[in-house]
Every structure is written in C-alpha cells, then in structure tokens.
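# Observations on chain architecture
If you want the building blocks of each chain, they are given just below.
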Protein chains: 2
Amino acid sequence: MSILSYDRGVSLRYALLGMLAVQPGTGYELAQRFDSSMSNAWYASHSQIYPELAKLCEAGLLEVVGQGPRRSRTFGITEEGRRELRDWLVESEPNRSQRNETTIRWFLLELLPPDDRRAVIERELRDVTEYHQGLVNAAESLDALEHDHPFRPMVGLAVRTSQVMVDWLNEQLEATPGSP
Amino acid sequence: MSILSYDRGVSLRYALLGMLAVQPGTGYELAQRFDSSMSNAWYASHSQIYPELAKLCEAGLLEVVGQGPRRSRTFGITEEGRRELRDWLVESEPNRSQRNETTIRWFLLELLPPDDRRAVIERELRDVTEYHQGLVNAAESLDALEHDHPFRPMVGLAVRTSQVMVDWLNEQLEATPGSP
DNA sequence: GCCATCATGTAATTAGTTACATGATTAG
DNA sequence: CTAATCATGTAACTAATTACATGATGGC
C-alpha cells in the first residue's frame, strides 16, 4: 500500500478494516465500538476515524454500502480490502509494543505510602470489577443466542484476563499494611 | 503543571518519573527498560525519551545525580518530582484506553480460513509462550534474592496474564478445523 | 419548539516514529 | 585497530488529541 503512513503505525487502519469485515457500519458506530467492545485493543476518536475511512475508500479497500438518515453512510469492506487485511494478519510482522497507562499505575503502586496505596488499589478494584462484571454479562448475553457469535472467544479471553487482575489487586490490597 | 502537553497524553512523562523514582538511570537505560521490563505497559524510543528528560529537568522534577563514561548522565527524581508523581497516582483520573495491536490481531482471527488461522495461531503461540517463559524465569530470579524486589508483584501479574493467553490460544487452535 | 443525541467533518496542537548524525568506550 | 555497543541528540514526518464547527432527526 503506497498511500502514506509508517510500517508500524497502521494499526488503526487494520482495526477499521477488520471491524468492517466483521460487520459494516458508520463512522459514528465505529467510534462507539472503540469506546466499548474494542476498548481493550485500540482506541480512536471520530476525528481520526472519518479521515481514515475516507483514505481507505479512496484506496478501494472500503466502499459505501448504504446511506441512512442524517446523511450517515455505512461502510463495508471490499474484496481488495479483505485481501489486504488477510495479508496483514498472515504475512506482516506483529508489533508487540503496548501502551497501557493502567499498567504503569499498577507498576508504581509500591512507591506509595500505605494509606495512599490502599486508596488507589480500592479505586482500581472498583473500576476493574465493574469492567469485569460488564464482560461477564456480555458473555452471558452471547451464550443466550442460539448461534455462535464471532466475538465470543475474545470476550472469554477478556473475562479471564480481568479476573486475574481483580484477584491480583485483592492480593495487593491484603498485602498493604493497615488493610482489614 | 504548565509546561505544555495534553491532560491524557502525559503517560510517558509519568512513566519516566516513576521509573526514575524506583531507580535512577540514564536515558539509554530507560530506553532499554521500555524494551524489556516496561514493554507490557508503555514503549518509547530514545528520540522521545531524551527531550522529555530535558523538559522534566527544566521543570525541576528530575535532576542529574551522576555522570559516567561516554558523557552519560544519570537522572534521579527530585522531591518535587515525587510530589508530582504521587499526585498523579492518587488524584488524577486514570486513562483506561489501551493500544495493543496483538489484541486486534486475535480479535480478527475468526475472519481467516482454517489454514491461515492455524498458521497465525501457531505463530502467536510461539511468541507468547516465549514471552511467558521469559517472565517465569524473571520471577524465579527475583525469588532467589533474599530481599523482596519491587518488581516482583508486577512480574507475578504478567506471568498469570500471559498464562491465560497461552491457554486461550491453545483452545483456539484446538477449535480450528484440521488441527491435530 | 426545544433539547438530546446522531452524525460528520476540519484546524491546531501535541505525541510518537523513523531517519539522520555524531562521538566515546571497551572487548577482541 | 576495529567492530560492536554505549550514549546522546536533532530533523522530518506521521499519528493522535483536543477544540471548533455544523447540521439532521426524533422524542417530548
């Protein structure tokens, strides 16, 4: 692909391509997916999404497959887009670098005096527990369907991962002096 | 803090401040830590690190605490830096958004035909297993010390998380048609 | 009619990547 | 002596955030 961009800074492109390969949608819907179901993988705001969709359309990897009310346009992936996505998944070297502010915060917990430390862990525990519960509910909803949902495996992974985090935070809380 | 930057794009700043609060170091060493022990939390290249260290020094949050061979300078956190770091950890609203290309790739596995899918899962499994084994070894090294190491809790979390990932990938592999 | 939300975009700024550049030290 | 690595920086570019901006639709 010649239309600009680095080799390793292209994750948004493939996130969009992939999300639209699973299910066509508008830019607005994609922004919502980045806020919820995709939030543990990638985030992008609408101001980044719309220009990227335009570029991908121009490159022939996406196309407008429908128009709705408020001049909304639904995008879908093209055959060329599917080939590009497949090549990326199978052929390209994965970029394993991550950016996760929460992990930085947890890494630095040990610097805090016990009172601050306990307060921070309790806040983290509230947030992660809420996140975990949301995933458990999502998993139950998907299990209630009669067909296998494509998101089910990833939700399962996220449930287990967040369970590990809840357990770890509880242990850190117990190990902090002055905890009940 | 008035010295420029967004509210939510400041994670590098606090990652550096925190790493130097745990242990003073040079810019070069910090770049190495981002490549290894901090790689599951944040990544930054030296070209981003050096200017940021200069800014933090100018702001009085860091100071040069030693000079080595090849005109290397060791930075340490100041009292003001510790206060700033503590305030960030305790008072500021955490940014929960993540960027993790690997999760995008795993999310999109279901789009691939079985042969491609199996090949990709096997590659991921190799990479994650290697990563997991590295963490297990690191944990054993830390356990061999007579004192508690500050990184031990985070390594423990990473060990469990990567174990969950290895298990999940193995399940996905088994569930793919044509697998042994 | 009015307000919330849907829906899309652009402009200005900061963050991050890649490439370029240079010199010091040490191990062989 | 010479190649690898240590060590630090800048320049040019792309990516991402924040702020600004506008209009359509549907429910009340």
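Coordinates for the structure precede this section.
The present account deals with the structure reproduced in this document. (Residues numbered from 1 in each chain as written. Chains lettered and ligands numbered in written order. Predicted model: local features only at pLDDT ≥ 70, side-chain atom pairs only at ≥ 80, totals over all residues. Heavy atoms only, no water.)

### Points about the interface of chain A and chain B
The condition is simple: Two residues qualify as a contact provided that any one of their heavy atoms is within 4.5 Å of a heavy atom in the partner residue. Buried area is calculated as the accessible area (1.4 Å probe) missing from two parts once they are joined, with the contributions of both summed. A side-chain nitrogen of Lys or Arg and a carboxyl oxygen of Asp or Glu constitute a salt bridge if their distance falls within 4 Å. N or O atoms within 3.5 Å of each other form a polar contact, as long as, within protein, one can give a hydrogen and the other can take it, and as long as residues adjacent in sequence are counted only when both atoms are side-chain atoms. To qualify as a helix, a DSSP run of H or I must reach at least 4 residues; to qualify as a strand, a run of E must reach at least 2; elements of each kind are numbered from the N terminus. The nonpolar class holds Ala, Val, Leu, Ile, Met, Phe, Trp, Tyr, Cys and Pro. Asp, Glu, Lys and Arg form the charged class, and all remaining residues, Gly among them, are polar.
Taken together, the contact between chain A and chain B spans 58 residues of the former and 58 residues of the latter. Carbon and sulfur atoms make up 61% of the area that chain A and chain B hide from each other, which totals about 6000 Å². Remark: the boundary between chain A and chain B carries eight salt bridges. Residues B:Arg86 and A:Asp116 are paired through a salt bridge, measuring 2.8 Å at the closest nitrogen-oxygen approach. Counting the contacts that link chain A with chain B gives 29 residue pairs in polar contact (both at pLDDT 80 or more). Of all the elements in the fold, those that place two or more residues in the side of chain A that touches chain B are α1 (11–22), α4 (79–91), β3 (98–100), α5 (101–107), α6 (114–144) and α7 (152–174) of chain A. Considering each element in turn, the side of chain A that touches chain B owes the most residues, eleven residues, to α7(A). Looking at the side of chain A that touches chain B residue by residue, the classes come out as 29 nonpolar, 14 polar and 15 charged.

### Focus: the pattern of salt bridges
Using the following cut-off: Three labels apply to residues, based on accessible area from a 1.4 Å probe with only protein chains included: buried if under 20% of the type maximum, exposed if over 50%, partly exposed otherwise in between.
Within the structure shown, the criterion is met by 24 salt bridges over all chains. Its salt-bridge partner being B:Asp127, residue A:Arg96 comes within 2.8 Å of it at the nearest N-O pair. Taken together, the residues span two chains, with A:Arg96 in the loop between α4 and β3 and B:Asp127 in helix α6 (residues 114–144). Given the relative accessible area of 27%, A:Arg96 is considered partly exposed. Across the pair A:Glu124 and B:Arg96 runs a salt bridge, and its minimum N-O distance is 2.7 Å. Remark: B:Arg96 occurs in the loop between α4 (79–91) and β3 (98–100) and A:Glu124 occurs in helix α6; the pair is interchain, linking two chains. You can call A:Glu124 buried: its relative accessible area is 0%. Each of A:Arg86, A:Asp87, A:Glu91 and B:Asp116 takes part in a single network of salt bridges with overlapping partners.

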